[in-house]
Amino acid sequence: PPGKPTLYGSVTRRGLSSDGVPDIVASEGFVVGEVTKKSILISCPHENVSTKFLAPYTSFCRIHQKSITCLDISSGGGLGVSTSTDGTMKIWQAANGEIRVRLSGLDVLLAWSHVGSAWEMRCFSCLYEHRLWFHAGILDTAIVDRGRNVLSCSRDGSARLWDCGKSACLGVIADCGSPVNGIAVGTADNSLNLGTPENPPSEREVGTEGKILLLAREDKKLQGVGLQSRQPVFLFIGSDAFNCCTFLSSTYILAGTQDGNIYQLDVRNTNAPIQVIHRSGAPVLSLLPYRDGFIASQGDGTCFIVQQDLDYVLDLTEADCDPVYKVASWEKEIYTCCRDGIVRRYQLSDL
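Since the structure is predicted, the reported quantities are computational estimates derived from the model, not experimental observations. (Residues numbered from 1 in each chain as written. Predicted model: local features only at pLDDT ≥ 70, side-chain atom pairs only at ≥ 80, totals over all residues. Heavy atoms only, no water.)

Caption draft 1: Quick look at unusual backbone geometry. Phi is positive for Arg 230, which is not a glycine, with a value near 65 degrees. Considering the arrangement of structural elements, one finds Arg 230 in the loop between β17 (221–226) and β18 (232–237). You will see that Arg 291, though not glycine, has its phi angle at about 50 degrees, which is positive. Along the chain, Arg 291 turns up in the loop between β23 (284–290) and β24 (293–298). The exposure class of Arg 291 is partly exposed, given its relative accessible area of 46%. (Helix = DSSP H or I, 4+ residues; strand = E, 2+ residues; numbered from the N terminus. Buried < 20%, exposed > 50% of the residue type's maximum accessible area, 1.4 Å probe, protein only.)

Caption draft 2: Quick look at the side chain of Asn 149. Structurally, the position occupied by Asn 149 is in strand β12 (residues 149–154). By relative accessible area, which is 0% here, Asn 149 ends up buried. In terms of polar contacts, Asn 149 uses its side chain to reach the backbone carbonyl oxygen of Trp 162, at 3.4 Å. A polar atom in the side chain of Asn 149 sits 2.7 Å from the backbone nitrogen of Val 206. Contact partners of Asn 149, with chain neighbours within four places excluded, come to Ile 143, Val 144, Leu 161, Trp 162, Asp 163, Leu 170, Arg 204, Glu 205, Val 206 and Thr 208. (Polar contact = N/O pair within 3.5 Å; in protein donor to acceptor, adjacent residues only side chain to side chain. Contact = heavy atoms within 4.5 Å.)

Caption draft 3: Spotlight on the pattern of salt bridges. All chains considered together, the criterion is met by 13 salt bridges. Where Lys 4 meets Glu 47, a salt bridge forms, and the shortest distance between an N and an O atom there is 3.6 Å. With Lys 4 in the segment before β1 (11–16) and Glu 47 in the loop between β4 (39–44) and β5 (49–54), this residue pair connects regions lying 43 residues apart in the sequence. Among the ionic pairs, Lys 52 bridges to Glu 34, the shortest N-O distance being 3.1 Å. Here Glu 34 lies in strand β3 (residues 31–35) and Lys 52 lies in strand β5, a separation of 18 residues in the sequence. (Salt bridge = Lys/Arg side-chain N within 4 Å of Asp/Glu carboxyl O.)

Caption draft 4: How the structure looks around the sheet that holds strand β29 (residues 343–347). Taken together, the four strands give an open sheet; going across it, the order is β6-β29-β28-β27, and neighbouring strands pair in antiparallel fashion. Each edge of the sheet is formed by a strand with only one pairing partner; in this case those strands are β6 (58–60) and β27 (324–330). Shown here is a sheet whose adjacent strand axes are inclined to one another by a mean of 20 degrees, direction ignored. Here strand β28 (residues 333–338) pairs with β29 via five bridges, running antiparallel. When the bridges of β29 are listed, Tyr 335 appears paired with Arg 345. (Pairing = 2+ DSSP bridges. Axes fitted to C-alpha atoms, helices over the stretch in contact; angles between N-to-C directions.)

Caption draft 5: Spatial organisation of empty space enclosed by the protein. Counting across every chain of the model gives one cavity of 30 Å³ or more. Here the largest cavity defines a volume of roughly 30 Å³. Around the largest cavity sit Gly 301, Cys 303, Leu 316, Ala 319, Val 324, Thr 336, Arg 344 and Tyr 346, which together line it. (1 Å grid on protein atoms, 1.4 Å probe; cavity = no way out; pocket = protein on both sides within 12 Å on 5 of 7 lines; lining within 4 Å. Points joined across faces, edges and corners; volume = space filled by probe spheres on them.)

Caption draft 6: Broad picture of the pairing of strand β2 (residues 22–26). Where β1 and β2 come together, five bridges link them in antiparallel fashion. Across the sheet, Leu 16 pairs through a bridge with Pro 22, a residue of β2. Connecting the antiparallel pair β1 and β2 is a turn made up of five residues, with Gly 20 showing a positive phi of about 85 degrees.

Caption draft 7: Structural context of the layout of surface pockets. Size it by volume and the second largest pocket reaches roughly 1400 Å³. Lining of the second largest pocket is provided by 38 residues; of these, Val 49, Thr 51, Phe 53, Arg 279 and Asp 315 occupy positions nearest its centre. At the level of elements, β4, β5, β22 (275–278), β25 (303–307) and β26 (313–316) are the ones that each hand at least two residues to the lining of the second largest pocket. For the lining of the second largest pocket, the residue count by class is 19 nonpolar, 13 polar and six charged. (Nonpolar A, V, L, I, M, F, W, Y, C, P; charged D, E, K, R; others polar.)

This is the structure we're talking about:
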C-alpha cells in the first residue's frame, strides 16, 4: 500500500499431486489458498489483500514477429485481428491463432471487408483521410451505434465524426489544443445536460443524440463532450497525461493516466473521483469493462481484473515486464497483446 513498507515473500513448489496440481507453500506473512494447474490464490492477511494469479490457456507466438500494438475479437468470438510494429495487420482464428488474412500498408484500408462488414472497410478509408488532412497520428477510434458513423482522435488535438458511407467528415467534436490519446462514446445518464447543437445535425449523422464522448488528453485532462451538441459537459484534471478511458455504465466512467492512476468518476459530478486505484507507477495503457468490473493493463506487464463479486484481484500473468498494450474479451475468454509479440488467451470458466 502507498506510504507503507513493501512486504516481500516467496512461494515454493514442493511437488505435484497425482492429478498434476502443484503443492505450493508460501513464506511467513503470506498464505496460499486454492491452487489449480492454471492458477494460484495468494493472500497477505496482514494487509487483508488477496490476488489470484492466472496463467494463459494458450499463447500465440507466430501471428506477428514484432510488438503487437492492438487487437480485438469479433462479436462471435471466432476471429481475432491484430496490428504490429512490423506494419502488418492480420486476421486469425481466435481458437488456435491460425492466420486467415495478412495485410500491410494501404491494404489495411480493406482489412475488415474480409470479415464481412462493408461499413468497416469504409471506416478505414475515412480514417485514412483524417491522417492525410492533418499529417498527425490517429491515436484511437470509436464506433457510434451500429457503425454508420465513427469517431477518431488525433495527435493534432482534434476529435472528429465521420460518415462511413461517403468517407466524409461530419464535424469536429472537439479541438483540444493537446493530443487526444483515447476516446470512448456512451449513452449519457438522463439527468446529464448535454447541451443543444448550434446548428441542426446533418441527415448523415446517425445515433449521436443522447451520447457523450470522453476524451483522454495529453494535458492531464479528461473531458466529456455532448456528441450531438459538440458542447463541453465536464472537465476533470488528473495527476498526469490520460492514456485511455471507458464507460462502466451511463453513470460511471474509468480513465487511466501515465503515472499509473485509474480514476473512477461519476459523470454527474466529476469534482472528486469515487475512487483512485493505483497498483504501480507504470502507465495505464488500456481499460475494458468486464462483467461487473473492469480489466486494466499497464506498461510494466501487469494486467489485472477487478470485479465486485470477487474478494480478490485477478492477475493475468506471463507478460513479465513487457507492456501489455491492449485487452479484448469474448464471454469468458480474454486476449492480450504485448510488446514481446505474443497474443495470450486466458479462460475464466473455472473462476
